[in-house]
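Residues per chain are reported as follows:
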Amino acid sequence: MYRRMYKVCCVVLATAFFWGCLAPVAEAQSLFTARRTFGILFLGGSAFMAKRAIDYKRDANDIYEAYKAATDAREAERLFNRTSDRDTKSQMSIGFSAILLISGLRLLMHSGVDDKMPKIDRRIKIDLNSDIRKKSVGIVLKKKF
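Keep in mind that this is a model prediction, so the values were computed, not measured.

Student: What should I look at first to understand the pairing of strand 2 (residues 136–142) in this one?
Tutor: Regular strands have side chains that alternate between both faces of the sheet. Bridging between strand 1 (residues 125–131) and strand 2 involves 7 bridges; their strand directions are antiparallel. Paired with Asn129 across the strands is Gly138, a residue of strand 2. The antiparallel pairing of strand 1 with strand 2 creates a hairpin that spans 4 residues between the two strands, and Lys135 there sits at a positive phi of about 55 degrees.

Below is the structure:
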């Protein structure tokens, strides 16, 4: 199962990478845009977290086998807690992996959508006023729309 999951992850990542790198023939665009770069980084992080999830699950199964063979109550409780910890880490890793996979694919699919959007002035002006006689400080936030 581990080998098959590893191969599937590699095929998905390779396909996503090559699909994201394809640019239309008529356009001369840069290969490295911010969205593509982060998309590829997210896909790599997803693969890493998927591998960690598999490792945690395998480790939890090994510890559980030792738990079933334990004769001492303290040792059994310690092993059970370790098994529970590894299972939790495995579930968290697979969830995080799924989130990174979806985010990375979304960034790669929409890598050229908003390249031609007009720039918007997003600055906020902050004015700081003070009056020594009143012992007060005033802050004014100004935003142009």
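Student: Mind showing me how you'd approach the environment of Ser46 here?
Tutor: Tracing the chain through its elements places Ser46 in helix 2 (residues 34–69). Residue class for Ser46 comes out buried when judged on its relative accessible area of 6%. For the pair Ser46 and Gly104, spaced 58 residues apart in the sequence, the C-alpha separation amounts to 8.4 Å.

Student: What is the right way to look at the side chain of Ser90 in this model?
Tutor: Within the secondary structure, Ser90 is located in helix 3 (residues 73–109). For Ser90, a relative accessible area of 9% translates into the label buried. Leaving out residues up to four positions away in the same chain, Ser90 has contacts with Ala53, Tyr56 and Lys57.

Rules used in this analysis
Residues numbered from 1 in each chain as written. Predicted model: local features only at pLDDT ≥ 70, side-chain atom pairs only at ≥ 80, totals over all residues. Heavy atoms only, no water. Pairing = 2+ DSSP bridges. Helix = DSSP H or I, 4+ residues; strand = E, 2+ residues; numbered from the N terminus. Buried < 20%, exposed > 50% of the residue type's maximum accessible area, 1.4 Å probe, protein only. Contact = heavy atoms within 4.5 Å.

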